[in-house]
Amino acid sequence: MNFEFDSDQIALRDSIRRYMVAEIVPRIALCEQEKRIPLDVLQGLAQFGYIGGQLPEADGGYDLDSINWGMMMEEAGYHWGSLRTIINITSIFLRLLSEHGTEQQKAKYMADVLESRKASCIAISEPNHGSDVGGIEFKAEDKGDHYLLNGSKLWITNGHYADYAIVLARTFSPSCDGKSSIFVIDRAETPFDSRLVDKMVLRASGTSELTFADVKVPKSALLGTEGTALKEMLKGLNHGRLNIAMGAVGAAQAALDMSVEYAKTRKQFGRPIGEFQLIQKHIVDMLIQVESARGLAYKAAAAVKAGKPARVECSIAKLHAAEAAHNVARTAIAVHGGLGYSTEYGLERIFRDTSGGVIPEGTAEVQTLIVGRELLGLSAINAMEKKQ
């Protein structure tokens, strides 16, 4: 299977790289410190198709296929994990709106997010429920002319700064007794509380806890049909897993590139450390992990592009790439020695951020069980299966 880029793809990739180095990289340190990515950063990336690029042209997108999108996510992951995460969440918000939104909902939300005038988030995980999305406790009660939302959401990317939120809720109405629905919420019209979660990884991604206490939302906030959300959200996880895999490949490549350069220039005992056998062994092991992760990621992207279910391919790619990226970053720290721990150099940020890649969109353990179920035809996650 050939994943060589054509001339147009190479030109796009090179343009993105130049822009990232000139405009994005100098801002990383301050954004990490302030724990947010300003909207103007996303506005600058829109020219490359990063915001809504996979949407159909009728909804303001570029109709990018999964190979082109994967390449772009790899480049984002190469330079900054938090940025790749925000792009991913913004894209999921827009995709759900495009696929399930009414014309009125699209008119209200789409342009604001596409043009990065407003920030968005996706609220699924809860304090007691992460991988088990079928067990959510967050409630939406039909009160006749509105819904009443109650509950908490946790680990919500960009939640503290989001103007708009798509929220997954267990819905209680005459036609929907506890099945899940999704709602698109304008925070200015229906305020909810949020707090930043201080964490080790992806510090600029605005990870938050959201709290809804008797929050009234209009009936027009329902996105799609009552009771059908869980299936749609689970189907969308493939896209998120592929995005994480691609970003992990980029981060791993960055750690490898830094290590190769350092091994060529750092001298010990009168010669470059790259001449030492152990350092060369480290570098080669890193390369093998990067290339294997890249191959699996683009194989998954090709399966998505071909219209296949691609659940196994995306789960394998996410599982391997996320773990490989952290292994590569850990080895890069060993190659760099004390310099690898410096916050001024950037490698320690890659090490921290890649450690978080094994959790979102289903932990490494969940990916293993998904692939095992598909391979054996036997489920080790029966409780979750019943809810799905």
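The structure contained in this document is the topic of the report that follows. From a predicted model like this one, the values you see are computed outputs, not experimental measurements.

Procedures and definitions
- Residues numbered from 1 in each chain as written.
- Predicted model: local features only at pLDDT ≥ 70, side-chain atom pairs only at ≥ 80, totals over all residues.
- Heavy atoms only, no water.
- Helix = DSSP H or I, 4+ residues; strand = E, 2+ residues; numbered from the N terminus.
- Buried < 20%, exposed > 50% of the residue type's maximum accessible area, 1.4 Å probe, protein only.
- Lys, Arg positive; Asp, Glu negative; His and termini not counted.
- Salt bridge = Lys/Arg side-chain N within 4 Å of Asp/Glu carboxyl O.
- Polar contact = N/O pair within 3.5 Å; in protein donor to acceptor, adjacent residues only side chain to side chain.
- Pairing = 2+ DSSP bridges.
- Core = buried A, V, L, I, M, F, W, Y, C linked by side-chain atoms within 4.5 Å.
- Contact = heavy atoms within 4.5 Å.
- Patch = residues over 30% accessible without salt bridge, like charges linked within 9 Å, V, L, I, M, F, W, Y side chains within 5 Å.
- Areas by Shrake-Rupley, 256 points an atom, 1.4 Å probe, with all protein chains shown as cover.
- Axes fitted to C-alpha atoms, helices over the stretch in contact; angles between N-to-C directions.
- Parallel < 35°, antiparallel > 145°, perpendicular 65-115°, else oblique.
- Left-handed = near helix turned anticlockwise from the far one by under 90°.
- Nonpolar A, V, L, I, M, F, W, Y, C, P; charged D, E, K, R; others polar.
- Phe/Tyr/Trp six-rings, centres within 6.5 Å; stacked < 30°, edge-to-face > 60°.
- Lys NZ or Arg CZ within 6 Å of the ring centre and 35° of its normal.

**Considerations on the side chain of E226**
The topology assignment puts E226 in the loop between strand 8 (222-223) and helix 7 (229-265). It is K219 that comes nearest to the buried, bridge-free E226 among opposite-charge side chains, at 6.1 Å. Polar contacts involving the side chain of E226 include one to the side chain of Y147, which spans 2.5 Å.

**With respect to the pattern of salt bridges**
Per the counting criterion, the structure on display carries 19 salt bridges. Across the salt bridge formed by R195 and E209, the nearest N and O atoms sit 2.8 Å from each other. Here the residue R195 occupies a position in strand 6 (residues 193-196), and E209 occupies one in strand 7 (residues 208-218), the gap between them amounting to 14 residues. Overall, E209 belongs to the buried group, its relative accessible area being 17%. Across the salt bridge formed by E348 and R352, the nearest N and O atoms sit 2.9 Å from each other. Separated by four residues within a single helix, E348 and R352 lie in helix 10 (residues 347-355), roughly one turn from each other. Accessibility classification places E348 together with R352 in one group, the buried group.

**Description of the pairing of strand 4 (residues 164-173)**
If a strand is regular, its side chains alternate between the two faces of the sheet. Burial runs high along strand 4: eight of the 10 residues are buried. Of the strand pairs in this sheet, strand 1 (residues 120-123) and strand 4 are connected by four bridges, and their pairing is parallel. Residue pairing across strands places I122 opposite I166, the latter belonging to strand 4. In terms of strand pairing, strand 2 (residues 139-142) meets strand 4 through three bridges, oriented parallel. Within the sheet, the bridge partner assigned to E141 lies in strand 4 and is F172. Between strand 4 and the antiparallel strand that follows it, strand 5 (residues 176-186), lie two residues.

**Remarks on the nonpolar core**
With 82 residues, the main nonpolar core has Y50, L83 and I87 as its most contacted residues. Per-element accounting of this core gives the leading share, 15 residues, to helix 7. Sequence-distant contacts of L83, defined by excluding residues within four places in its chain, comprise M20, I24, I37, V41, L42 and L45. Of all hydrophobic cores here, the second largest spans 20 residues; its members include I156, F183, V217 and A221.

**Considering a nonpolar patch on the surface**
On the surface, L375, L376 and L378 cluster together into a nonpolar patch covering about 390 Å² of accessible area. If you trace the backbone, L376 turns up in helix 11 (residues 364-376).

**A short note on the packing of helix 5 (residues 81-100) against helix 6 (residues 103-114)**
For any two helices packed against each other, the geometry is given by the interaxial angle and the distance between the axes. With their axes 10 Å apart at the nearest point, helix 5 and helix 6 run at an angle of 155 degrees to one another. It follows that helix 5 is roughly antiparallel to helix 6 by the angle criterion. For the pair helix 5 and helix 6, the sense of crossing is left-handed. Counted together, T90, F93, L94, L97, S98 and H100 of helix 5 and Q105, K106, Y109, M110, V113 and L114 of helix 6 form the full contact between these two elements. The class makeup of the residues in the contact of helix 5 with helix 6 is seven nonpolar, four polar and one charged.

**So, the packing of aromatic side chains**
In total, this model carries seven aromatic pairs according to the counting rule given. With 5.4 Å between their ring centres and 65 degrees between their planes, Y19 and F48 make a pair best called edge-to-face. A residue pair is termed long-range when its members are at least 10 positions apart, and Y19 in helix 1 (residues 7-24) and F48 in the loop between helix 3 (39-45) and helix 4 (66-79) qualify at 29 residues. In this structure an aromatic cluster arises from ring pairing among F138, F192 and F212. The ring centre of Y161 lies 4.0 Å from the NZ or CZ of R36, which sits over that ring. A cation over an aromatic ring shows up here: K219 above the ring of Y147, its NZ or CZ 5.3 Å from the ring centre.

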